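Here is how the chains run, residue by residue.
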Amino acid sequence: VDYVFHLAALISVVQSVDQPLLTHAINVTGTLGLMEAARAAGVKRLVQVSSAAVYGDPAQVPTPEETPPEPLSPYGLSKHIAEEYGQLYSRLYGLECVALRFFNVYGPRQDPHSPYSAAVPRFVDALASGQQPTIFGDGLQTRDFTFVEDNVRALWAAASAPGIAGGVFNVGRGQPVSVLELINTLAELLGVEARPHFAPARAGEIRHSCAAVGALAERAGFRAQVGLREGLGKT
């Protein structure tokens, strides 16, 4: 095995707040076990998926990679610890680890039916079935929505670019979109009216999130190519 792409995780911020020990066991101890297996097998490079959640609620948006991490949830903290292990394994053992901080990934075949599902599949499912989506908070919170095809391209760029072992890079479009704007775009594409329900904001969730995207472009030649409306149409 030359390359390992590590995307396995407990992925829900809300679930991590409820279950911090399980989150650590899966996201930190699980990642460490994988790195040990990769080291023993002589793997050339391990690309690990991290998250914008490591930043917490940063003062600078779009947020560059050198921003000090201030995670707001056990999920965000677990992803940061896993990044640190990757950097350590690169320095100490020569296992090339590269971490990609994904922002909000969406695309076809995302599961809308889990209580921890991401926003886009839940909103599509509600609007397409004649119901209305629920927004936690006021809907003015912003996210950097990235189409899954772009994330796949970023994974390969991180695996194949020379000289980036031990690096940590954002993967996003670099364009913030509010939750209300997202719902209105989906409703327009589906030909329905959007009248979302509002519920209290959830603990541990970030107000504004957007990637500074220059580093991976400069070091690995990657930039996201799929615009929001195009990606939502494909979804």
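Residues numbered from 1 in each chain as written. Predicted model: local features only at pLDDT ≥ 70, side-chain atom pairs only at ≥ 80, totals over all residues. Heavy atoms only, no water.

Novice: Requested: an account of the environment of Ala201, with residues and values cited.
Specialist: Structurally, Ala201 can be placed in the loop between β10 (197-199) and α7 (214-220). In this structure Ala201 comes out as exposed when scored by relative accessible area, which is 60%. (Helix = DSSP H or I, 4+ residues; strand = E, 2+ residues; numbered from the N terminus. Buried < 20%, exposed > 50% of the residue type's maximum accessible area, 1.4 Å probe, protein only.)

Novice: So what about helix α2 (residues 20-41)? Which residues, and what values?
Specialist: A rise of 1.5 Å per residue sets the reference length of α2, with its 22 residues, at 32 Å; its end C-alpha atoms lie 31 Å apart and thus fit the reference within 8%. Along α2, the largest kink reaches about 25° and is centred on Gly30. Within the sequence span of α2, burial applies to Thr23, Asn27, Val28, Thr31, Met35 and Ala38. Looking at the packing, one finds that the buried side of α2 touches β1 (3-6), α1 (13-18), β2 (45-51), α3 (74-93) and β3 (96-102). One or two steps after α2, the chain reaches Gly42, where phi turns positive at roughly 75°. (Expected span 1.5 Å × (residues − 1). Bend = angle between axes of the 7 residues up to and from the residue. Contact = heavy atoms within 4.5 Å.)

Novice: Before we move on, can you summarise the packing of helix α4 (residues 119-128) against helix α6 (residues 179-190) with the specific residues and values?
Specialist: Axis angle and axis distance: for two packed helices, these are the angle between their axes and the distance between the axes, and together they describe the pair. Contact geometry for α4 and α6: axes closest at 10 Å, N-to-C directions at 40°. Overall, the two elements α4 and α6 adopt an arrangement that is oblique. The chirality of how α4 crosses α6 is right-handed. On α6, the residues touching Val120, Phe123, Val124, Leu127 and Ala128 of α4 are Val179, Leu182, Ile183, Leu186, Ala187 and Leu190. Looking at the contact of α4 with α6 residue by residue, the class counts come to 11 nonpolar, no polar and no charged. (Axes fitted to C-alpha atoms, helices over the stretch in contact; angles between N-to-C directions. Parallel < 35°, antiparallel > 145°, perpendicular 65-115°, else oblique. Left-handed = near helix turned anticlockwise from the far one by under 90°. Nonpolar A, V, L, I, M, F, W, Y, C, P; charged D, E, K, R; others polar.)

Novice: I'd like to hear about the sheet that holds β1, residue by residue, with values.
Specialist: On the basis of which strands lie adjacent, the open sheet formed by 4 strands has the order β1-β2-β3-β8 and parallel pairing. Looking at which strands have only one partner, the edges of the open sheet turn out to be β1 and β8 (168-171). Sheet twist, expressed as the mean angle between neighbouring strand axes with direction ignored, is 25°. Of the strand pairs in this sheet, β1 and β2 are connected by 4 bridges, and their pairing is parallel. By the bridge assignment for β2, Val4 is matched with Leu46. (Pairing = 2+ DSSP bridges.)

Novice: Can you tell me about unusual backbone geometry, naming the residues and giving the values?
Specialist: Val61 connects to Pro62 through a cis peptide bond whose omega is 0°. Within the secondary structure, Pro62 sits in the loop between β2 and α3. Phi angles above zero are rare outside glycine, and Arg109 is one such case at about 75°. Assignment of secondary structure puts Arg109 in the loop between β4 (104-106) and α4.

Novice: Give me the lowdown on the packing of aromatic side chains, citing residues and values where you can.
Specialist: The final tally for this structure, using the stated rule, is 4 aromatic pairs. The ring of Tyr93 has Arg39 lying over it, and the distance from NZ or CZ to the ring centre is 3.9 Å. (Phe/Tyr/Trp six-rings, centres within 6.5 Å; stacked < 30°, edge-to-face > 60°. Lys NZ or Arg CZ within 6 Å of the ring centre and 35° of its normal.)

Novice: Talk me through the pairing of β2; I want residue IDs and the actual numbers.
Specialist: With respect to burial, β2 is a largely interior element, 7 of its 7 residues being buried. Between the parallel pair β2 and β3, the chain is carried across by α3, and the sense of this crossover is right-handed. (Right-handed = clockwise from strand over helix to strand, strands pointing away.)

Novice: Summarise the nonpolar core; cite the residues concerned and give the values.
Specialist: One finds Leu100, Val171 and Leu216 to be the most contacted residues of the largest nonpolar core, which totals 17 residues. Elements with a minimum of two residues in this core: β2, β3, α5 (148-160), β8 and α7. Element by element, the count of residues in this core is highest for α5, at 5 residues. If sequence neighbours within four positions are ignored, Val171 has contacts with Leu100, Arg101, Phe102, Phe103, Thr146, Asn151, Ala154, Leu216 and Phe222. Formed by 16 residues, the second largest nonpolar core is a distinct cluster that contains Leu127, Phe145, Val177 and Val179. (Core = buried A, V, L, I, M, F, W, Y, C linked by side-chain atoms within 4.5 Å.)

Novice: Go over the pattern of salt bridges with me, naming the residues and quoting the values.
Specialist: Inspection of the entire model under this criterion finds 9 salt bridges. As a salt-bridge pair, Glu96 and Arg45 come within 2.8 Å of each other at their nearest N and O atoms. Placement of the pair is Glu96 in strand β3 and Arg45 in strand β2, with a sequence separation of 51 residues. In the salt-bridge network here, residues are joined through shared partners; they are Glu149, Glu230 and Lys234. (Salt bridge = Lys/Arg side-chain N within 4 Å of Asp/Glu carboxyl O.)

Novice: Got a sec to walk through the side chain of Glu83? Specific residues and values, please.
Specialist: Along the chain, Glu83 falls in helix α3. Overall, Glu83 belongs to the buried group, its relative accessible area being 3%. Other than its neighbours up to four places away in sequence, Glu83 contacts Gln48, Ser50, Val54, Ala99, Arg101 and Val168.

Remember, this is a structural readout, not a statement about activity or role.
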